[in-house]
Structures are given as C-alpha cells and as structure tokens.
Amino acid sequence: MNIVSIDTDILIIGGGAAGCFAAIEIYKKSPNYQVVIMEKAHIERSGCLAMGLNAINAYLHPDQTPESYASYIERQFEGIIRKDLVYSIIMGLNEVVRNVEEMGLPILKNADGTCQRRGKRSIRILGERLKPILAEAVQKTSARILNRVVATNFIFNGKRVCGAFGYGVKTNAFYIIRAKAVIVATGGAAGIYRPVNSGEARHLMWYCPWNVGTGYAMGIRIGAEMTSFENRFIPLRVKDVHAPTGTIAVGVRPKNINARGEDYLELYYKHLGGNRCLTHHRLLATIEEVKAGRGPCFLDTTTISEEEEKRLKKDYLNMNPQIILLWAGKDMNPRKRPVEIQGTEPFIVGGHCQAGYWIDKERRTTIQNLYAAGEVAGGAPKKYVSGSWVEARIAASSALGNIKEEYLEEIDNELIQKEKTRVFAPLTRKTGSVWPFGVRERLQKVMDEYAGGISMGYALHEERLLEARRLLASLREKVKDIAAVDSYNLVEALECIDKIDVARVLVEHLIYRKETRWSCYQTRLDYPQKDDNRWLVFVNSVYNPYTDEITMIERPLQG
Amino acid sequence: MSIFIDENICNGCKGLPESRCERICPGNLCYRKENMKADIRDQSACWTCACCVKECPVQAIELRLPFQICNNHASLKARLKHDKTIWTILDAEGNQEEFIIQAKLLKGD
Ligand SMILES: Cc1cc2nc3c(=O)[nH]c(=O)nc-3n(C[C@H](O)[C@H](O)[C@H](O)COP(=O)(O)OP(=O)(O)OC[C@H]3O[C@@H](n4cnc5c(N)ncnc54)[C@H](O)[C@@H]3O)c2cc1C
Ligand code: SF4
Ligand code: SF4
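For clarity, every value in this text was computed on a predicted model and none was experimentally measured.

Visitor: Give a detailed account of the overall build of chain A, specifying residues and quantitative values.
Guide: When helices and strands are tallied, chain A shows 16 helices and 20 strands. Taking 24 Å as the expected radius of gyration for a compact globule of 559 residues, we find that chain A reaches 23 Å, a close match to that expectation. The principal-axis extent of the C-alpha atoms belonging to chain A is close to 65 × 55 × 50 Å. Relative to its full complement of 559 residues, chain A shows a buried share of 66%. The long-range fraction of contacts in chain A, counting pairs at least 24 apart against all pairs at least 6 apart in sequence, stands at 75%. Accessible surface, chain A as shown: approximately 19800 Å² in total, 50% of it carbon and sulfur.

The following block contains the structure:
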C-alpha cells in the first residue's frame, strides 16, 4: 500500500455536475489557486450525468419572475423551503446555462434566439455529452484531477475541516489531502432502500447507484448539521427501467390512465388538482389507483404520431437509453401499448427534494472551512443540474473569499493511522466476518420493511420506525467486522458503513416529524394530517461522535 | 445481463494502459482479463448507462436488458462521431433502426 500526500488550496470532493463547475469557476476567478478534484469514477462520465440529459430542468423563462418561480417551489414543497437559498439559485440559473453553452453544450433555440421550452421552467438540450463537455472544460484549468479516488472521511481537527482522506481504487493507495478549504459535491444517496428491481437488475435504478451518500456520512461523522432527511424523493417512473416520465409527459402530453382506461387524475383526484396536481400527489394518486384495484397505471402514448414517437426515442437516447430496449422488446412500442408507470424506491437527494447539509447563503456548512454544493446540500429543492451549477459557483466564490486567511493544518499522525486502519481493515478480515453483499441486503430489508419502503407502500409509523432504529444500531455493531476480498469489494464495504450512517439519521428524522407533510415521500399513518401550526419548520440533526447520539434540532423556515 | 461483450470483436484496446470501457464506466465495473478481452465485474451492478457501449471504438459491447426485465432479446449499439452519436437498435423481431443524435464536437476538432 502506497501513501500519497497532497497539499492544495481548495479540495473538491466529487467531480460531478457541481464539482466540475466549481473547479472551472475557481480557475476563472483566481487561476493561481491550486485545486484538487477527488472523484471515485472518472470525471468524463461519472455520477448522475453519466448517461446524459435531454433537458435542463431549472431555467427562468421570460414569462416567469423570480417570485413566481419561488412560489411554485414553495407550493410543491408544501411551504417548507429555504427561500434565501432558492432565490440565490433562481437568480443564477440563466447565466450558468449560458456558461455551459459556451463550453459546447448544444441548446435548442427558437427563431428569435430564445431557448426552446420543454415546460414552464425547463429547456431542451442535446445533452448526451454534457459530462464529457464539463470534463473537457475542467481539463483546460490547472485543477489536478484524481480519478478513481474515493473519499472516505474528512480530515477534521475538532474545529475545522483540513482536507480529506481517500482510497485509490486502481492503485490501492491511501490519500492524505490537506486543503485550506473543502467543497463537498458527492451527490445524494441511492441504495439505502431495497430497490424495485432485484437480482441481475438490482442496479437498474433511477438515481446513480454509486452516489451512496458518502458525502452525507462524512459530514455526519464530524457533527455537521443536516436537514430534511425525512423529505425522501420517490420518483414516478417508467416501470422496470426507471426512465423519467417527464420526457413523455412534457413531450406528448399523454393522459394518466388506469387499467380501465380512465383518466384517473381528472376523474378521482380533482381535490388534489386533477391533471395539475403536485409532483408527489401524482405518485400518491397512482399508488391509490393500484390499491383500489384499478391498476396498473399508464401514460397513454397510443395516440401519438410516428413522428412524435421518433422524437421521444431521440430524447431518451440523449438521457436514458434503456427504455429504448424496453420498447424494442416485442409489443412494447409506445404507440402499440401505453407506457406503464410506478413509484421507485426512495432516494435521499438534495436536488429534487432537500435532504442534505444545513448551509447558509454562501454555501457554508456548520463546520468551518467546509462548503457544500449540488445534491449533497439541503434546503433548496428542485435545483436540478443548473441549480447545482449555481450552488457550485457560490461555494467557489465563498471558499475563495475566505481562503486568504486560511492555512494548511499539521495533521495529527494518530488521526492518519486511525483512518488508514479503518479503511484497510476489511481486507485483513476473513472467516467469521460479514461481507458487503449481506450487509447491503440486510440494510435494504430493514429500511424497506420498517422505514417505509416499497413493500410498505412508503407508509411510516412510530412503532416500526423504533424497530428500524434498533435494528440499524445492531447492524452497525455487526459491520465493525466487515470484510472484503479486493479493492472493488473494499469500496463496497466502506459504502455499506456510509449507508448505515445515513440510514440512522434518516430514521431519526422520520421519527421526529409527527405529521404527514409530503404524501408518499413522508406519510405517517399515526399522524395522517398536515399540521401547519406545529410543523412549518425544518427538522435538522447533529450526530455526536463522542456519545454516538443524534440530537434533533428545529430551525425556522428563514434559515 | 445488461451489457454483452463480444470477445471476437473486442481488441482489448491494446497499447492503452487502461482499456476505454474500463476508463469510462462510472461504476468501475469493466476490466481487462488476462487474455486482454474486456469483461464486466458484476452484471447485477450495471446501471445500463451505455457509457462503455459508446466508448468502445470497435462496437464490441452492446446494451441489453436483464432477462428479468424483458424476456425478448433486443440490443442497442452506438458509434461516437465527432459531432454526433449513431445508435443502432435491433428489436425482438430482428428489425433494425438507426438514430443519429447531434452532440458536441469532441476533443481535437
Ligand atoms: C437519471 C437522472 C436523470 C436526470 N435528468 C435530469 C434532467 O433531464 N435535467 C436536469 O436538470 N437534471 C436532471 N437530473 C438531475 C441532475 O443530474 C443532478 O441534479 C445533478 O447531476 C447533481 O449534481 P451533483 O454534482 O450534486 O451530483 P453528481 O453529478 O451525481 O456528482 C456527484 C459526483 O460525486 C462522485 N462521488 C460520489 N461519492 C464519492 C466519493 N466518496 N469520493 C469521490 N467522489 C464521489 C460521483 O462519482 C459523482 O461524479 C437527473 C438525474 C438523474 C439521476
Ligand atoms: S453500461 Fe454503464 S454501468 Fe454498465 S458496464 Fe457499461 S459503463 Fe458500466
Ligand atoms: S473498449 Fe471495446 S475494444 Fe476496448 S477493451 Fe473495451 S470492449 Fe474491448
């Protein structure tokens, strides 16, 4: 095993949408600062953007105002958003999109030069190579890119973050990276819950399966304040292949029909807004239809023209190629058969929902020298890819603003030894140990059955959640003995530990919010009503590594 | 199965320290075996993202759906050109369809 020590001004953890943009931004503003990007895959095709995108979902069209935009997000999230964060995102959207267009992203335009709409707040792009385009722009900066290096923990001296430790998957090396400021941009968390698909298809999921919540877990372990983990994201997607339904919904405006061919949103869910209902109510309605014996549910694509079908396929090839295979399977073509939809497993994401670090407007976390951007940052839902870029830009400026007074900290040798031992220990264990495969299955079973996964119709109640708390504590003890056979397996083992740390915090959040605010995302059978008098607050948490306790904190909406 | 690698076509990206499919997989799943042919570490861990399919210069990799998801065989291949990606879909009845998607100019253009 090699030890690689690197000193830098700014360390960016996660070279996805936000991480790449932050590096580009720092170089633009202050080309003399040293930047290191630590990325577990290769920045050319990593994270959520690996497949590509066909739309930028957050954009301020001329007929919207920042106020109308913010009030849309506030309504979608039933009153709970950090307006300061949301506004700061809205104000920066169009500029970051322009920047990425300059890097080479093809954006579809109208005759008058404005961006082609995909919806009220969305634009059409040809984004199959969005990630390579960002990576190429990063390569033009002086940033040092560490591909295939997995961040394992922050270097934390009890007061401030002084860098991070990492593991080189290809080299089996241990990385000690000292930095004056750290920007965490590792995305959200998939794989906490048991997935809809099993066996050979277990990773055929919507959210990137390698964003496992390590960024959250590293913050939790040093006592960073986290927010809104109870606001889980459960997307309504094309059954089995998890392709986003928005491409069909906005592209050809089909009806949502049940097995009897009835437009169920209009017929049964007028009180939720019918066809104009909130995103999570669309999911709720679909689940209710199935429960009432009127499922399966579909998007009725059978009336579309051959031309529209071609356009849909092209749109999906830019973003989600698997659905093309589904349609190429016998009789599955969207003009022959309506497209079946279903809810997926819950994901913890700060970009569609708002689980993540509690940050201020400058994207500072509650830990000194640590900034957060993108899906890993909380409080501002519906930020999507462009909002992640805006946050990266803000985090980059604030890190640069503070860095002059900062210095590189001497790292305690004991701290280094402790992390090195923790990281490599699984490779030394053999008989009598637990293995990543078993731990993953155990965690997903517990979360599915006791913390509102698919098998429970996403519903929650106190007694089961208390059982989840107990089972997770016991699993965490057991995992101290996790073993691995090779470097790939070792990463899986470390990910298991991270996922359990995230799951524990999640369960505490689910226990704490005693109302039903976002149906399906957070449905409490024992508190079925929404209670604005009591619960128009953020539910936050802080883990204490010395006592192993999680303290819950309530914060007012204004942050 | 999510990707199928045709060993008769794969040339192992000989001369490169790391094969192209290995370099590009966001999940670190592709690797070269001792015989310099590409393989996938764990089919069940594949996200079916097609990054490796696009990257292979000789079209040795095709995307398929696991049997559990679709019991009729269909396949998807891709070729990257400077400013476009050319996709070939073979459906369960053997019909072939081609799509040309505009993309950005790649490095070196
Ligand atoms: C399937 C899908 C489709 C989407 N479609 C759209 C769309 O059409 N329009 C739109 O606007 N938005 C879309 N989004 C959302 C958008 O992709 C995300 O909001 C955006 O990518 C978030 O950026 P991020 O940087 O936070 O996360 P990511 O882009 O996922 O980046 C996180 C990075 O961190 C790395 N990483 C994780 N853990 C570690 C670790 N321990 N050490 C080092 N590196 C690590 C990952 O490999 C990854 O590169 C979609 C998302 C998904 C999943
Ligand atoms: S399809 Fe994607 S996840 Fe699967 S092996 Fe290829 S690059 Fe990796
Ligand atoms: S990229 Fe293609 S040719 Fe190169 S190793 Fe992979 S499958 Fe073989």
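There's more to say after this.
Visitor: So what's going on with the site of ligand 1? Which residues, and what values?
Guide: All names here are of chain A. Taken together, 32 residues form the shell around ligand 1, and within it Ala18, Glu39, Ser46, Ala55 and Glu375 come nearest. Backbone polar atom of Ala151 to a nitrogen atom of ligand 1: 2.9 Å apart, as the coordinates give it. Put simply, the parts of the chain that give the shell around ligand 1 at least two residues each are helix H1 (17-29), strand S2 (35-39), strand S3 (53-56), strand S7 (149-156) and helix H11 (384-403). Among the residues forming the shell around ligand 1, the class breakdown is 16 nonpolar, 13 polar and three charged.

Visitor: Outline the site of ligand 3, listing residues and values.
Guide: In the vicinity of ligand 3 there are 13 residues, among which Cys10(B), Asn11(B), Cys13(B), Cys21(B) and Cys56(B) approach most closely. Looking at the shell around ligand 3, its residues break down into nine nonpolar, three polar and one charged.

Visitor: Now, about the environment of Asp39(B): what can you tell me, with residues and values included?
Guide: Residues and elements named next belong to chain B. You can see Asp39 is positioned in strand S3 (residues 38-40). Taking the C-alpha atoms as reference points, Asp39 and Val53, 14 residues apart in sequence, are found 13 Å from one another. If we ignore the near neighbours within four places in the chain, the residues touching Asp39 are Ile5, Leu29, Cys30, Tyr31 and Lys33.

Visitor: How would you explain the pairing of strand S20 (residues 549-555) of chain A if you had to name every residue and give the values?
Guide: Where strand S19 (residues 538-544) of chain A meets S20(A), seven bridges bridge the pair, whose relative direction is antiparallel. Bridge assignment links Val539(A) to a residue of S20(A), and that residue is Glu554(A).

Thresholds, definitions, all that
Residues numbered from 1 in each chain as written. Chains lettered and ligands numbered in written order. Predicted model: local features only at pLDDT ≥ 70, side-chain atom pairs only at ≥ 80, totals over all residues. Heavy atoms only, no water. Helix = DSSP H or I, 4+ residues; strand = E, 2+ residues; numbered from the N terminus. Rg over C-alpha atoms; globule rule 2.2 N^0.38 Å. Buried < 20%, exposed > 50% of the residue type's maximum accessible area, 1.4 Å probe, protein only. Contact = heavy atoms within 4.5 Å. Areas by Shrake-Rupley, 256 points an atom, 1.4 Å probe, with all protein chains shown as cover. Near = heavy atom within 4 Å. Polar contact = N/O pair within 3.5 Å; in protein donor to acceptor, adjacent residues only side chain to side chain. Nonpolar A, V, L, I, M, F, W, Y, C, P; charged D, E, K, R; others polar. Pairing = 2+ DSSP bridges.

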